[in-house]
Every structure is written in C-alpha cells, then in structure tokens.
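Each chain is listed here by its residues.
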Amino acid sequence: MFTRHIILAALLGVSAGTTQAEVVSPSAVVVNEYGEIVQSLTGIAGDPARGQEVMTTRGLGNCIACHEVTALQDYPFHGEVGPSLDGVGARWDEAGLRGIIANAKAMFPGSIMPSFYKVDGYTRPGDAYTGKAAEGALEPLLAAQDIEDVVAYLLTLTEY
Amino acid sequence: MNTKSKIATIAVALGMAASSSISHADEDADLVVNGEIEMVVRTAAPAHLEGAVSTIYSGWVFRSDETQAMQADDFDNPGMLFVEKGEQLFNTAMGADGQSCASCHQSSDLTNVRATYPQWDAEHSEVQTVEMQVRECQTEQMGMEEPWGINSGDMLDITAFIASIGRGQIVDVAIDGPAHETWELGREIYYTRFGQLELSCANCHEENYGNRIRADHLSQGQINGFPTYRLKNARLNGVQNRFRGCVRDTRAETYGIGSDEFVALELYVASRGNGLTVEGPSVRN
C-alpha cells in the first residue's frame, strides 16, 4: 500500500513536471550553430490549419506582409520584402524553419525579418501598436504553439 | 539540406524578388504640374548618400496612375483647397498687434523657404523647421501668446501655402556648419532599428523601396511632397506626424511631434532629398 502510494506520487510528479517544462521560454531556447532549433517549443504537434491563420492575420504573424505564398492567394496583398515561400517546406526542415521564425537573425545575420520568439534587446519597445512605451515584461510576437503551428504549415509548402 | 545550398536557394529567391520589384509603378513617368511646373522626380543622390543609394525618387513615382494624375493639375489636387485656406490665413490679422503675416512678408519673398528648411537659426542656436519658424514669428513678432500647434489644421494650411509657392524649387538643405551635429543625430535615428519589429527607416525606405509591403508600395520616404494630402484620411498630413506613424508601426514608442529627435530626423530626411523638387501639397494614398 505504502509503496504504491509513493509510486503514484512519483508518477504524478513526473508528468506534472514535464507538462511544465514542455513550453520552452524565449530565454531558454537552444539555437545551434546553424541557427536551427531542434527541440519543439511545446512538445505538441503543430496544426497546419491554425498555422495558416497565424501567417495571414495582421495581429499575429502577418507573414504575407513580406512574403508571397501561392497557396495563400485567397488572402489579398502579399509583400515582396522577403522571398516567396513557395517550396519552403522542401528547402528547409523543421528545425531550420523553427529557427528562422523564432529568430531569423540567427540564420540570416542582420535580417529585416522580425524575431518572433524573443522578448528583450529592443530599442524603445512600444505597447503593441499604440506608439506608447511598453509597460512591464514583453510578450514574444508569437506564442510558442503559434510557432509550432506555422512550422507545420510551412512544411506543407513543398511545391514551387 | 546543407548550408551552402540553403544560401544559394535564398539568393535565387531574393534575386527574383528584387528583379520584379519596380514593375508596379509607372517608374518612368514625369511630373509637370499645371503644364508648367517641371518637377524633378528622380535624380542623382546627394554626395552624402554615396554607398547607400545612387538615385533618389520622389514618393510620387511610386503611387498609382490615378493618384499621380491628381497631383498633375491643381483642379484635381484636393490639397489645393487647403492652400487657399492657408493663403487667407496669411492675410488675416491675428494676435495682439493686429498684424497678419502679410504685414511683414510678401509671399513672393518666401518662395525658397520650403526648399531650404529645416535650417539653422543662429539667434536661437537650433535647427528650425518651417513650423518652428512660423511659431517664432507668432510669439516674437506678433505677440501671440498661443502660437499654432505644430500639427494643427491652421499650421498645416499655412505650411501647405508656403510649400505651394515654392513648388519646383530644388530642395537644398544645409547639412554642414552648425546644423551638422543635429544632422548626425538624425542620421543615427534613421538607421536605428526600433521597436519589437526591429525595423529602421532604412530597412523599408532604403533597402526596399519599389517593393510591396502588404498592400503598400514602398517609396524612399522622401519629404519633398509635404504636407501631403492623403486620400486615406482626406486631409493634409505633416512630416513629423508621418514619422510618428512609421515608428509606431514598428511596435515602438515614438518620439513626439516637435521633439529634438524628430527635428533632427526631419533635417536628415530632407537632406536625403537634396536635388528633388518641392511638390507640396502632394497627393498620396
């Protein structure tokens, strides 16, 4: 009886512990020498449909502001600041895409592309788009699961 | 995929984006206003931009055919209604002494103002914008206790009038001498990557002019067309208000209109247009 109890507690402890540890905070992200992030930021498989929403929504990724994506033609106004993302799922693997989205500057030094999973090192960060100073700690531009969802969507873009 | 082939793919992809970049605008169109004022909408960049850009372009070049056409004829340019209001204000008595601007100035004496401001003011030991100079006249010459706000409707109207009488003049702001320190501050701000999006003026207006960012066709962010009449809000828009909007859009805390930083930035950005012609009030979307 007594032993079972301990085992149960240990099991619960472990599982509670891992759920906690599964969301990797921006400061704890491990980026390798190629700018890739091998480990999932949440441990939960990305949802490509939600990833598409993040990419096309102004207040979220707004990726099409800078990138053309043929598969997203139904959404108006694609930008030309970055390269077309057609075929990007064939050019890059999951770790590379996660690295680019979290912090493109680690992959492409000096890149214009915003770093979506970063919370410090900014000059005059604002309170979203109000023009006023940010108050308190900053949130990353995208949540960890948003990034996993976008990676999952990009991996579907295998055609040029 | 190995790193080398990754880089090659990116280069190809970027190359394609760059070559298709200018195709959206009628890049080769010329602007002659009312069939008589010949504008310089593209010309060799001033020497201080060496290594950055070789040709400077008026924002007019990047606008749609329809918007371009509106600026070519004063009857089609909605900004000219505000110029008329500005001209009336110029002749209206205001302030304690019952004087108007016209009591001291003939408008024909102010034709090179827009092309040469911001400018060093020795008496006050500072770089002044046109708006600051007008406020100085109001407080120091006209005894007005409350000069117009820099971004007020009256100020926009009178600066539109001052710009309009200078149309066609070649922009030539001085960046050496006592103004140089302010100019350098402006340059530093221009290249600073602000806000949570970490974007500088240069990222958009120097490295990406001609490209689309979402629905917008990026220009070089020149200010020779200010104040601008924007179809979006159907009124005149001042230079520093535009700066404020661009900084805000990088998710940054902006500087205030009239702040030392924005005055410095206005001088610097004006100097990037040395060689273009004064077009205000221009028409923009």
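These numbers were taken from a predicted model, which means no experiment stands behind them.

(A) The overall build of chain A, seen in detail. A count of helical and extended segments in chain A gives 6 helices and 0 strands. Secondary structure elements of chain A occur, N-terminal to C-terminal, as α-α-α-α-α-α. In chain A, which comprises 160 residues, the share counted as buried stands at 43%. By sequence separation, contacts in chain A at least 24 residues apart represent 54% of the contacts at least 6 residues apart. Per element, the accessible surface of chain A, about 8600 Å² overall, is 59% carbon and sulfur.

(B) Layout of the overall build of chain B. In terms of regular secondary structure, chain B is built from 11 helices and 11 strands. If you line up chain B on its principal axes, its C-alpha atoms span 75 × 40 × 30 Å. Buried positions account for 51% of the 285 residues belonging to chain B. Nonlocal contacts in chain B, meaning residues at least 24 apart in sequence, comprise 66% of its contacts between residues at least 6 apart. Just so you have it, chain B exposes about 12600 Å², and 48% of that area is on carbon and sulfur atoms. Looking at chain B, you have 21 positive and 41 negative side-chain charges, and the mean spots of the two groups are 13 Å apart.

(C) Main features of a negative patch on the surface. A cluster of like negative charges, contributed by Asp26, Asp28, Asp65 and Glu66 of chain B, occupies part of the molecular surface. With respect to the element layout, aspartate 65 of chain B can be found in helix α2 (residues 65-71).

(D) Highlighting helix α8 (residues 180-190) of chain B. All names here are of chain B. Inspection of α8 places Trp183, Gly186, Ile189 and Tyr190 among the buried residues, and these make up the whole buried set. Along the long axis of α8, the arc covered by the buried residues comes to 120°, so they all point the same way. Residues of α8 that are exposed and angled more than 90 degrees away from the buried face: Glu181 and Glu188. The inward-facing, buried residues of α8 contact α9 (201-205) and α11 (260-271).

(E) Main features of the domain arrangement of chain B. Residues and elements named next belong to chain B. Domain assignment breaks chain B into domain 1 (26-76 + 168-284) and domain 2 (79-165). If you look at the interface, domain 1 gives 28 residues, while domain 2 gives 23 residues. The interface formed by domain 1 and domain 2 includes 1 salt bridge. A salt bridge links glutamate 266 to arginine 114; the nearest nitrogen and oxygen atoms lie 3.9 Å apart. Between domain 1 and domain 2 we count 2 residue pairs in polar contact (both at pLDDT 80 or more) in total. Those elements that place two or more of their residues in the side of domain 1 that touches domain 2 are β10 (235-237), α10 (239-248) and α11. At 4 residues, the largest contribution of residues to the side of domain 1 that touches domain 2 is made by α11. Looking at the side of domain 1 that touches domain 2 residue by residue, the classes come out as 16 nonpolar, 8 polar and 4 charged.

Quick notes on the rules
- Residues numbered from 1 in each chain as written.
- Chains lettered and ligands numbered in written order.
- Predicted model: local features only at pLDDT ≥ 70, side-chain atom pairs only at ≥ 80, totals over all residues.
- Heavy atoms only, no water.
- Helix = DSSP H or I, 4+ residues; strand = E, 2+ residues; numbered from the N terminus.
- Buried < 20%, exposed > 50% of the residue type's maximum accessible area, 1.4 Å probe, protein only.
- Contact = heavy atoms within 4.5 Å.
- Areas by Shrake-Rupley, 256 points an atom, 1.4 Å probe, with all protein chains shown as cover.
- Lys, Arg positive; Asp, Glu negative; His and termini not counted.
- Charge placed at Lys NZ, Arg CZ, Asp CG, Glu CD.
- Patch = residues over 30% accessible without salt bridge, like charges linked within 9 Å, V, L, I, M, F, W, Y side chains within 5 Å.
- Salt bridge = Lys/Arg side-chain N within 4 Å of Asp/Glu carboxyl O.
- Arc of directions from axis to C-beta.
- Domains from an automatic or database assignment.
- Polar contact = N/O pair within 3.5 Å; in protein donor to acceptor, adjacent residues only side chain to side chain.
- Nonpolar A, V, L, I, M, F, W, Y, C, P; charged D, E, K, R; others polar.

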